[in-house]
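Close look at the chain arrangement
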Amino acid sequence: MKRTLLKGVFAFLAITISLLATVSALNMQITNLTLYNADTDKPIANLTNNYVINYAAIGTKNISVVAIGIGADLKSVVFSYDSTSRYQIESTKPYAIKGDNKGNLNPWTPTLGNHTLTVTPYNKTGGTGTAGIPRIVTFTVVDTTSTLKQCADGIDNDSDGLIDLADPGCTD
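Note that residues are indexed from 1 along each chain, following the sequence as it is written. Confidence filtering applies because this is a predicted model: local features only for residues at pLDDT of at least 70, side-chain atom pairs given and counted only at 80 or more, and all residues used for totals across whole chains, interfaces and linings. In computing side-chain properties, one takes all heavy atoms of the structure into account and sets aside hydrogens as well as water.

**Concerning the environment of Lys124**
Runs of E in the DSSP output that reach at least two residues are strands. Runs of H or I that reach at least four are helices, and both are numbered from the N terminus. Looking at the element boundaries, Lys124 is found in strand S10 (residues 113-124). To sort residues, take the accessible area from a 1.4 Å probe on protein chains only and compare it with the maximum for the residue type: under 20% means buried, over 50% means exposed, and anything in between is partly exposed. The partly exposed category is assigned to Lys124, whose relative accessible area is 48%. A sequence separation of 47 residues divides Lys124 from Val77, and the C-alpha atoms of the two residues are 9.3 Å apart. It only takes one pair of heavy atoms within 4.5 Å for two residues to be counted as in contact. The residues touching Lys124, leaving out its near neighbours within four places in the chain, are Lys75, Ser76 and Gly129.

This is the structure in structure tokens:
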């Protein structure tokens, strides 16, 4: 009877520890993705849903994306890019899409077109353990020098989800 009781207690403790680890991991999340100029290591903008990256407008194709996460157990971040589920794994800050060399961001040049980036925090290094809450964004990469005014170029220039004359911020 004592053995059965002890087995039950150990099973209960194992389940409790497992649930606590899961709850802790769920408290981890990616709160922000920042687009950087990798030539200067200066931030360009927050990478949000439907953002348009225009190489001509920012003056370089050497960019980077840095993930900012919260959660005491956050130990690594996995970048998934389009159909590549583990495109880059980072276990040290800054959590950059192509890593860094002593704080100098390595350049990343996504192809022109539409893309999806999913960034997931993990509670162990190397993108292992339990996953937290990911950040998922879709974005478009273009390389155009437009002679069109911003209110007639077909692009969401201020990343507010509105294009051209439908955008009350258009004034030209």
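**Here's the deal with the nonpolar core**
Only buried residues count toward a nonpolar core. Its members are Ala, Val, Leu, Ile, Met, Phe, Trp, Tyr and Cys residues joined through side-chain atoms within 4.5 Å. If you look at the biggest cluster of nonpolar residues, it comprises 23 residues, and the most contacted ones within it are Leu33, Leu47, Ile53, Leu117 and Phe139. Listing elements by their share of this core, those giving two or more residues are strand S1 (29-37), strand S3 (51-54), strand S4 (63-70), strand S5 (76-81), S10 and strand S12 (135-142). Beyond its immediate stretch of four places on either side in the chain, Leu117 contacts Leu33, Leu47, Val65, Phe79, Ser80, Tyr81, Ile97, Arg135, Ile136, Val137 and Phe139.

**Considering the pattern of salt bridges**
A side chain with one charge can pair with a side chain of the opposite charge if their charged atoms come near. Counted as salt bridges are all cases of a side-chain nitrogen of Lys or Arg within 4 Å of a carboxyl oxygen of Asp or Glu. Scanning the entire structure with this criterion turns up 1 salt bridge. Ionic pairing is found between Asp143 and Lys61, a salt bridge with its closest N-O pair at 3.5 Å. A residue pair is termed long-range when its members are at least 10 positions apart, and Asp143 in the segment after S12 and Lys61 in the loop between helix H2 (55-58) and S4 qualify at 82 residues. Given the relative accessible area of 35%, Asp143 is considered partly exposed.

**Here's the deal with the pairing of strand S11 (residues 128-131)**
Sheet topology places S10 next to S11; 2 bridges connect them, and they run antiparallel. Each residue of the ladder has a partner; that of Lys124, found in S11, is Thr128. Strands pair, by our definition, only if DSSP identifies at least two bridges between them. Hairpin remark: S10 followed by S11, antiparallel, with 3 residues in the connecting loop; positive phi at Gly126, about 75°.

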